[in-house]
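# Residue-level structure breakdown
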Amino acid sequence: RVVALDPLEVADADADGPLDDIRAAPAVRLLAQRLADGGGPHPDELSACSEDGLRLLARIAERVDGLPLALEIVAGAAGTAPVEELVDLVQRPLDLTAADVGRDARQRTLRETISWSLDRLPHQARVALRRLSIFSGPFSAAAARVVCGFDPDDVDRQLRALTRDRLVTMERTSTATSFRLLRTVRDLAREGLVTAGELDVTRARHRRWHVALWRDAPLSDELIEDVSRTYDDHLDALRSALEVGNDAAAADIAIALVRLWMFTEMPAPGIRWTETLLARPRITGRQRARLEVAHGALTQAPSWTAADIERLAAELV
């Protein structure tokens with residue numbers, strides 16, 4: 001019999017909630033157990049673990065998505081090294097090698113394990129997965145269709161198949177269904193995207209999706225919720241647009257992000273990015289006006305003259 005196992009539940013290392021949530025997280029407990037096998041603190045001793053130590057364990061477990069095999073390999077790689085050094089190890093966990101003897105050949109590293117799964121996929125599913133690796137966080141089925149760049153019905157079929165194979169996870173809320181790649185899967189699939197020579201064209205599709213999604217849209221709960229949920233991808237698309245010199249596209253993405261920064265009272269990134277965009281020469285007059293207004297609101301100290309106000313009003317009518 002084949003039993004499909006989901007990743008173990010992790011805990012947010014930076015959350016303000018009770019530390020007991022971290023202590024109770026199955027991924028943290030398994031990591032602590034495997035570290036104990038190598039002479040580290042036993043999971044029953046987590047109650048005495050310092051706050052910094054608990055958050056460190058949670059950060060490690062979160063980086064490998066709570067995958068049991070990954071947690072075992074990471075703990076085995078620790079050896080007698082301090083737990084603090086594991087944070088550096090898990091920055092690139094694919095090539096960590098299992099220290100225990102007798103493990104199946106395809107489970108010696110995460111790269112071998114995930115590659116074994118990817119190699120068994122049909123061609124079109126492999127294409128879809130490597131293109132979906134462009135997303136840093138959750139994405140919708142509509143976004144997947146744009147980024148994959150082939151027949152939408154086929155994209156939907158491949159997305160369902162990848163979800164069944166646990167290479168893509170599905171996340172449902174009361175308002176939306178989204179998908180996400182585990183970070184270890186994404187890292188390996190992104191390597192395939194580069195090797196296939198598809199990185200630039202896939203980044204371009206990723207940019208176009210985020211540029212068009214909220215362009216000229218009025219402020220709404222839906223906009224705030226979506227930009228908040230896909231924040232990392234909006235930032236990736238913004239940086240990508242600036243790298244290729246598409247100032248107007250970058251401005252559209254920044255304007256959507258500004259809504260979130262103002263709503264959540266995050267002036268620092270908002271001020272920094274609006275100043276960056278206002279220094280770019282190829283944004284439209286309307287974009288410049290909207291960014292100037294946003295910058296003034298974020299700084300709460302605009303130095304506009306009467307002529308400035310008249311100009312802004314004319315652009316925003």
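Before reading further, recall that the structure is shown in the block above.
Cut-off values and rules
Residues numbered from 1 in each chain as written. Predicted model: local features only at pLDDT ≥ 70, side-chain atom pairs only at ≥ 80, totals over all residues. Heavy atoms only, no water. Helix = DSSP H or I, 4+ residues; strand = E, 2+ residues; numbered from the N terminus. Buried < 20%, exposed > 50% of the residue type's maximum accessible area, 1.4 Å probe, protein only. Contact = heavy atoms within 4.5 Å. Areas by Shrake-Rupley, 256 points an atom, 1.4 Å probe, with all protein chains shown as cover. Axes fitted to C-alpha atoms, helices over the stretch in contact; angles between N-to-C directions. Parallel < 35°, antiparallel > 145°, perpendicular 65-115°, else oblique. Left-handed = near helix turned anticlockwise from the far one by under 90°. Nonpolar A, V, L, I, M, F, W, Y, C, P; charged D, E, K, R; others polar. Core = buried A, V, L, I, M, F, W, Y, C linked by side-chain atoms within 4.5 Å. Phe/Tyr/Trp six-rings, centres within 6.5 Å; stacked < 30°, edge-to-face > 60°. Patch = residues over 30% accessible without salt bridge, like charges linked within 9 Å, V, L, I, M, F, W, Y side chains within 5 Å. Salt bridge = Lys/Arg side-chain N within 4 Å of Asp/Glu carboxyl O. Pairing = 2+ DSSP bridges. Arc of directions from axis to C-beta.

With that settled, the discussion passes to the overall build of the protein chain. Summing up its helical and strand segments, the protein chain has 17 helices and two strands in all. Out of the 317 residues in the protein chain, the part that is buried amounts to 44%. At a minimum sequence separation of 6, the contacts of the protein chain that also span at least 24 residues come to 61%. Total accessible area on the protein chain is roughly 16400 Å²; 51% of this is exposed by carbon and sulfur atoms.

Here we come to the side chain of Arg 130. Within the element layout of this structure, Arg 130 appears in helix H7 (residues 123-132). Look at Arg 130 and you get buried, because its relative accessible area is 19%. Among residues more than four places away in sequence, those in contact with Arg 130 are Ala 189, Gly 192, Leu 193, Ala 196 and Glu 198.

A few words now on the packing of helix H14 (residues 247-263) against helix H15 (residues 267-278). In contact at an axis separation of 10 Å, H14 and H15 are set at 160° when each is read in the N-to-C sense. Judged by the angle between their axes, H14 and H15 are roughly antiparallel. For the pair H14 and H15, the sense of crossing is left-handed. Each of Asp 247, Ala 250, Ala 251, Ala 254, Val 258 and Trp 261 in H14 lies in contact with H15, whose residues at this interface are Pro 269, Gly 270, Trp 273, Thr 274 and Leu 277. Residue composition of the contact of H14 with H15, by class: eight nonpolar, two polar and one charged.

Counting residues in hydrophobic clusters, the biggest one holds 57 residues, and the most contacted among them are Leu 129, Leu 132, Phe 139, Leu 159 and Leu 162. Beyond its immediate stretch of four places on either side in the chain, Leu 159 contacts Leu 132, Phe 139, Ala 141, Ala 144, Val 168 and Phe 179. Counting residues in hydrophobic clusters, the runner-up holds 27 residues, among them Ala 251, Ile 253, Ala 256 and Leu 260.

Within the structure shown, the criterion is met by two aromatic pairs. Ring geometry for Phe 135 against Phe 139: centres 4.4 Å apart, planes inclined by 15°, an arrangement best described as stacked. Taking the relative accessible area as the measure of exposure, Phe 135 reaches 3% and is therefore buried. Of the residues examined, Phe 139 reaches a relative accessible area of 2% and is grouped as buried.

For any two helices packed against each other, one specifies the crossing angle of their axes together with the interaxial distance. Put simply, helix H2 (residues 26-37) and helix H3 (residues 51-63) touch, their axes get as near as 9 Å, and they point 105° apart. Considering their axes alone, H2 and H3 lie roughly perpendicular with respect to each other. In this structure, H2 contributes Ala 27, Val 28, Leu 31 and Leu 35 to the contact, and H3 contributes Leu 57, Ala 58, Ile 60 and Ala 61. The residue inventory of the contact of H2 with H3, partitioned by class, reads eight nonpolar, no polar and no charged.

On to a nonpolar patch on the surface. A surface patch of nonpolar side chains, about 310 Å² in accessible area, is lined by Val 293, Trp 304, Ile 309 and Leu 316. Assessed through its relative accessible area of 34%, Leu 316 is described here as partly exposed.

Next up on the list: the pairing of strand E1 (residues 168-172). As paired elements, E1 and strand E2 (residues 177-181) share five bridges and run antiparallel to each other. Across the sheet, residue Val 168 finds its bridge partner in E2, namely Leu 181. The hairpin turn running from E1 into E2, its antiparallel successor, is four residues long.

Taken together, the buried positions of helix H8 (residues 141-148) are Ala 141, Ala 143, Ala 144, Val 147 and Cys 148. Summarising the axial view, the buried residues of H8 lie within an arc of 155°, below the 170-degree limit, and thus occupy one face. Residues of H8 that are buried make contact with H7, helix H9 (152-164), E2 and helix H11 (199-213). Phi for Gly 149, located one or two positions after H8, is positive at around 80°.

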